[in-house]
Every structure is written in structure tokens, then in C-alpha cells.
Amino acid sequence: MTDAPPGSVAPSLPRSRSSRRPLLLCFSHLRWDFVFQRPQHLLTRAARDHEVIFFEEPLYRPGATPRLDLHETPEGVTVAIPLLPEGLKGAAAVAAQRALLDGLLAPEAGRPMIAWFYTPMALEFATHLRPDVTVYDCMDELSAFRGAPPCMMDMERALLARADLVFTGGRSLYEAKRNRHPRVSCFPSSIDAAHFVTARTPQPAPADQEGIPGPRIGFFGVVDERMDTELVGALAAARPDWSFVMIGPVVKIDPAALPRLPNIHWLGGKRYVELPRYLAGWDAGFMPFARNESTRFISPTKTPEFLAAGLPVVSTPITDVVRDWGPREGAEGLVEIAAEPVGFAAALQHVLDRPRAAWLKRVDRRLAQLSWDRTWAEMQGLIATVRRGAVRAEVPVGAASTVRSGP
């Protein structure tokens, strides 16, 4: 699995499961405990028949000796967090991460391994690995995000050159990558319907939502540069009779810059298991995404999650939301689309007033075609094909690209 001398600074993996299972080593820019989204949905399913290591970006601590913090999640995934001394930068930080990685993998020599990348930047310390299969699961255009390293695009080119398979988290990303690799497959946002459908039945109100008057319009997800905070403020000012419930951690933007009106309630991050209780008390959902480079390729996982919860939702015109969930060829969509405050408020009023029975039937027919179990099974099939050596032959760029799990 590696052609470099292994280090000796990392503890060994937990041995609660059979060591004969294949190893899936995931490199992620996201923290496992941050927000439960695409990586968590897929890798908890992978953990049923793989030993999964989720290798995060480092944390820096004053005076720390480089080491790995390992812990196993309830889902059976081992999270590995490099702890590095504060101030360690550049080549020294890369070398420390490589040594920690090699020390972790040294006892696993000879086991089948899948290297699964969410961030191309991990190649800085993992380029020496020789896995059986390399997967690039491209869930976002990271080079367009605030604070992206200048070399991100170069690192992605290097990852595309060595990947056996490329998966994309939506159709826009698929179209951007399909001519850059011979094996690109589109796996858009899916759904754990059983989890969110519980929001359709009355549930005890969470303490911090209980006193918020209705109607409640809700958002859940990361609050960052992808949110149109001016739109949120304008909607709240235009409809002081509505309450806007905002759930999610605030990152990369100044919390002081968020609109602060009496009917906007910033409740902070919540655990995945808690979300249905909050959604059960909402009257509609909204996705006030900004239209900028960071949202050009997004395919929000929360779209089908809102729908599974039985909540009508209004979104700004994000390309993948419009194409996959909005109106088409004169037919009514499952999601309403609006671009500016007046139209957005009107669309929200429309979904609040609209009878839901017929709409819910259409929602459930559509969601019956989607599941994270199905997505992972299809991904496994492609990985198995690579393992059999069936895609090692030369293929013209773009010729073997496929769209899977699409609408």
C-alpha cells in the first residue's frame, strides 16, 4: 500500500472488526463530526464490509508532539486526526502528516486498499501510496470556495491523472469533469428517507424552538459564503409575521455580519439525529443560496431531505436544483424557484397556502427512486469492475463517462 518507509509515531487501528476486510482510506477536508452529509452517508455504508479510516486535515496545538488522534464512531468508522505543533507549516507539516499516515498503515501492509479522496490537497502527503483502487468523489468545486489554496487546481489535475474512478455530487460537476477523465459517473444528492420522514408526524418541540411563533420557515446546513444573507434579511424584514429558523454552524464568514432581526432565529449547529424534531415544527423550508462561484456547481443534499420531511421548499435558482427539482416543460416542480426577495416571499406564501396531499404523492414517487443504499451499491459495482481490471485499458477521454442515480 505504500512505497515509503513506514513511520512509527501513529497508534494502530482498533481491532473490533475482522482485519481481513478491505481497507478504505478516505482523505477529507471536512470533519466527521461537523455536519452529517455525503461523506458520512457513503462511508457508514462502506463500513459494513470495509474497514474505513477517515483521515482529516490536521489540528494545530501549542507544543504538541505530532501524533494521530484515533477514535471509532458509532457507525464503525475510524476517524484519524493529525495533531501537529502550532506554527508547523509548509514542507514540515506535509512531512509530519506523511509520517503519521505511514505509521498508521504500516501494520496493514498487504491488505487490499481503496484510497478515497474528497480533497486533492491530501496528495501532498499521500502521493506515494499505491492503493488497489483510487476514487475521487468530487462533491464540490473546492477551488471556488473562500480560502482555497492557490495550488488546488494543480492538485486536482494530479488527482485526476491517478484516479481510477471519478464520482461527482451533481450534474453540473459531472459536466465540468466528464471530459477530464475517462471514467466519470454522476451520483447526485440522495436521501435517507426513513430518517427524515419521521418529521411528518408530530414530535415534542426542541426547547430552543418551542417558543418561536409560527409560521416557521426553516433552513439547515452550513452557514458560509454560499448563503445570501442579504436575501435572508430582506425576507425577514418583508414578512415580520413569519419566523425564520436558521440551523447550522457559521464558518468562514463573520457571525456579526448575519442579519439580526427579531424574527430571525440563529440556533447554531444540531446533530443529524436531532434534525427531524426541528423540521417537524416548520411550515416550509427555504434555501437562500447566493449565486456566486462557490454555488455554481452545488447540488444540495438538503433538497431531498426537506422533501422527505414533507416540507415544501423554495430555493434560489441554483442550476442543479432548477434542473433536478424545479418546473420543467410546463410541469410543476417539486421545489419552487425564486430569485429576489419579493418573488421569494410570494413563492413561500404560495407553498404555505397550497394543499399538500397531491404534492406529497409526487414527492414520494420521486424519492422512492433515491437512496444512499442504492448510491453506494452502484459505486461498489464500479469499484469491483476496477478491481477486476476491466477498465485499465485505454479509453478515449469522455467516452466511458456515465450519469447514474440522476432524476
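It should be emphasised that the depicted structure is a prediction, and the values quoted were computed from it without experimental measurement.

**Q** Got a minute to help me understand the overall build of the protein in this structure?
**A** Helix and strand content of the protein: 14 helices and 16 strands. Over its C-alpha atoms the protein spans a radius of gyration of 22 Å, differing by no more than 12% from the 22 Å that the globule rule assigns to 407 residues. Each principal axis of the C-alpha atoms in the protein carries an extent, and together these give about 65 × 50 × 40 Å. By sequence separation, contacts in the protein at least 24 residues apart represent 74% of the contacts at least 6 residues apart. Between the centroid of the 47 positive side chains of the protein and the centroid of its 45 negative side chains there is a distance of 4 Å.

**Q** Mind showing me how you'd approach helix 2 (residues 90-105) here?
**A** Turn by turn, an α-helix covers 3.6 residues, leaving residues three or four places apart pointing in a common direction. Between its first and last C-alpha, helix 2 extends 23 Å over 16 residues, near the 22 Å set by a 1.5 Å rise per residue. All of the buried residues along helix 2 are A93, A96, Q97, L100, L101, D102, G103, L104 and L105.

**Q** Teacher, can you tell me more about the pairing of strand 1 (residues 23-27) here?
**A** Residues in a regular strand project their side chains so that they alternate between the two faces of the sheet. For strand 1, the tally of buried residues reaches five of five residues, placing the bulk of the element in the interior. Residues L23, L25 and F27 of strand 1 are buried on one face, and the alternating residues L24 and C26, pointing to the opposite face, are buried as well. Relative to strand 2 (residues 51-55), strand 1 is paired through five bridges, and the arrangement is parallel. Considered in strand 2, the bridge of F27 is made with F55. Considered for its hand, the β-α-β crossover made up of strand 1, helix 1 (residues 38-46) and strand 2 is right-handed. Looking at chain direction, strand 1 and strand 6 (residues 113-117) are connected through five bridges and run parallel. In the strand pairing of strand 6, F27 is matched with F117.

**Q** When you look at the nonpolar core in this model, what are you seeing that I'm missing?
**A** When a protein is soluble and globular, its nonpolar side chains tend to lie buried together. Counting 38 residues, the largest nonpolar core has L25, F27, F55, L101, F117, L129 and Y136 as its most contacted members. Per-element tally for this core: the top contributor is helix 2, with six residues. Counting 31 residues, the second-largest nonpolar core is a separate cluster that includes Y278, W282, A309 and V363.

**Q** Help me understand the packing of helix 8 (residues 229-238) against helix 12 (residues 341-353), please; the structure alone is not making it clear to me.
**A** Any two packed helices are characterised by the angle at which their axes cross and by the distance between the axes. Put simply, helix 8 and helix 12 touch, their axes get as near as 9 Å, and they point 60° apart. As judged from the angle between their axes, helix 8 and helix 12 are oblique. Crossing angle aside, the handedness with which helix 8 passes helix 12 is right-handed. Across the interface between the two elements, L231, A234 and L235 from helix 8 touch P341, F344 and A345 from helix 12.

**Q** Would you explain the pattern of salt bridges in this entry?
**A** Two side chains bearing opposite charge may form a pair once their charged atoms approach each other closely. Evaluated as defined, the whole model comprises 25 salt bridges. When the shortest N-O distance is used, the salt bridge between R48 and D373 registers 3.3 Å. Taken as a pair, R48 in the loop between helix 1 and strand 2 and D373 in helix 14 (residues 372-387) lie far apart in primary sequence, 325 residues in all. Using a relative accessible area of 57% as the deciding quantity, one classes R48 as exposed. Residue R374 pairs with E378 through a salt bridge whose shortest N-O separation is 3.2 Å.

**Q** Explain the environment of R31 to me, please; I cannot follow it from the model alone.
**A** For R31, the location among the structural elements is in the loop between strand 1 and helix 1. In this structure, the C-alpha to C-alpha distance between R31 and P150, residues 119 residues apart in sequence, is 22 Å. Contacts of R31, omitting those with residues within four sequence positions, involve Q40, F54, E56, E57, P58, L59 and I81.

**Q** Is there a simple way to explain the side chain of T168 in this structure?
**A** Here T168 shows up in strand 8 (residues 165-168). Discounting residues that sit within four places of it in the chain, T168 has contacts with R38, C138, L173, Y174, K177, V184, S185, C186, F187 and P188.

**Q** Looking at this structure, I do not really get the confidence of the model for the protein. What am I missing?
**A** Low-confidence regions, as indicated by low pLDDT, have predicted coordinates that should not be scrutinised in detail. Per-residue confidence for the protein gives a mean pLDDT of 90, with 91% of residues at or over 70. Predicted confidence for residues 1-10 stays below pLDDT 50, and this span has 32 contacts to residues more than four positions away or in other chains. Low pLDDT, under 50, characterises residues 392-401; the stretch is placed with 21 contacts to residues that sit more than four places away or in other chains.

**Q** Can you help me understand the state of the cysteines in this one?
**A** Where two cysteines share a covalent bond between their sulfur atoms, that bond is called a disulfide. Enumeration according to the criterion identifies zero disulfides in this entry. Looking at the unpaired C138, the closest cysteine sulfur is the one in C186, lying at 11 Å. Of all cysteine sulfurs, the one in C138 lies closest to C151, which takes part in no disulfide; the gap is 16 Å. For C151, a relative accessible area of 28% puts it in the partly exposed group.

**Q** I keep staring at helix 14 and nothing clicks. Help me out?
**A** With 16 residues, helix 14 ought to run about 22 Å at 1.5 Å a step, and its terminal C-alpha atoms sit 22 Å apart, in line with that. All of the buried residues along helix 14 are W372, T375, W376, M379, L382, I383, T385 and V386. In this structure, the buried side of helix 14 is in contact with strand 1, helix 1, strand 6, strand 7 (133-138), strand 8 and strand 9 (184-186). Phi for G389, located one or two positions after helix 14, is positive at around 80°.

**Q** Help me understand unusual backbone geometry, please; the structure alone is not making it clear to me.
**A** The step from G214 to P215 runs through a cis peptide bond, and the omega angle for that step is -5°. Along the chain, the position of P215 falls in the loop between helix 7 (207-210) and strand 10 (216-220).

**Q** Help me understand the sheet that holds strand 13 (residues 284-287), please; the structure alone is not making it clear to me.
**A** Either a parallel or an antiparallel arrangement is found when strands of a sheet pair, and the pairing is made through backbone hydrogen bonds. Ordered in space as 12-11-10-13-14-15, the six strands form an open sheet in which the pairing is parallel. Across the chains shown, the open sheet's two edge strands, defined by having one partner strand only, are strand 12 (264-268) and strand 15 (336-337). Here strand 14 (residues 313-315) pairs with strand 15 via two bridges, running parallel. The partner of V314 across the bridge, within strand 15, is E336. Its contacts with the sheet place helix 12 against strand 10, strand 13, strand 14 and strand 15, and it is angled at close to 155° to strand 13.

Scoring rules and cut-offs
In this convention, every chain numbers its residues from 1, walking through the sequence in written order. Only residues with pLDDT of at least 70 are given local features in this predicted model, and only at 80 or more are side-chain atom pairs given and counted; all residues enter the totals for whole chains, interfaces and linings. The basis for every side-chain value is the complete set of heavy atoms in the structure, and neither hydrogens nor water enter the calculation. A helix here means a DSSP run of H or I that spans at least four residues, while a strand means a run of E at least two residues long, and both kinds are numbered starting from the N terminus. We compute the radius of gyration from the C-alpha atoms alone; for a globule the expected value is 2.2 Å times N to the 0.38, where N is the number of residues. Residues are treated as being in contact if the distance between any of their heavy atoms lies within 4.5 Å. A residue counts as positive if it is Lys or Arg and as negative if it is Asp or Glu; His and the chain ends are not included. Taken as the charge location is NZ of Lys, CZ of Arg, CG of Asp or CD of Glu. One fewer than the residue count of a helix, multiplied by 1.5 Å, yields its expected span. Whether a residue is buried, partly exposed or exposed follows from its accessible area with a 1.4 Å probe, protein chains only, as a fraction of its type maximum: under 20%, in between, or over 50%, in that order. Note: two strands are recorded as paired if DSSP finds a minimum of 2 bridges between them. A clockwise course of the path from the first strand over the helix to the second, judged with the strands pointing away from the viewer, identifies a crossover as right-handed. Here, nonpolar core means buried Ala, Val, Leu, Ile, Met, Phe, Trp, Tyr and Cys residues that are tied together by side-chain atoms lying within 4.5 Å of each other. Angular values range over 0 to 180 degrees, each being the angle between N-to-C directions of two axes fitted as lines to C-alpha atoms, with helices fitted over their stretch in contact. Throughout this description, any angle smaller than 35 degrees is read as roughly parallel, any larger than 145 degrees as roughly antiparallel, any in the 65 to 115 degree range as roughly perpendicular, and the remainder as oblique. The hand of a helix crossing depends on one turn: near helix anticlockwise from the far one by less than a right angle means left-handed, and clockwise means right-handed. Criterion for a salt bridge: a side-chain nitrogen of Lys or Arg within 4 Å of a carboxyl oxygen of Asp or Glu. What pLDDT conveys is the predictor's confidence in a given residue, as a value from 0 to 100. The definition used for a disulfide is geometric: two cysteine sulfur atoms within 2.5 Å.

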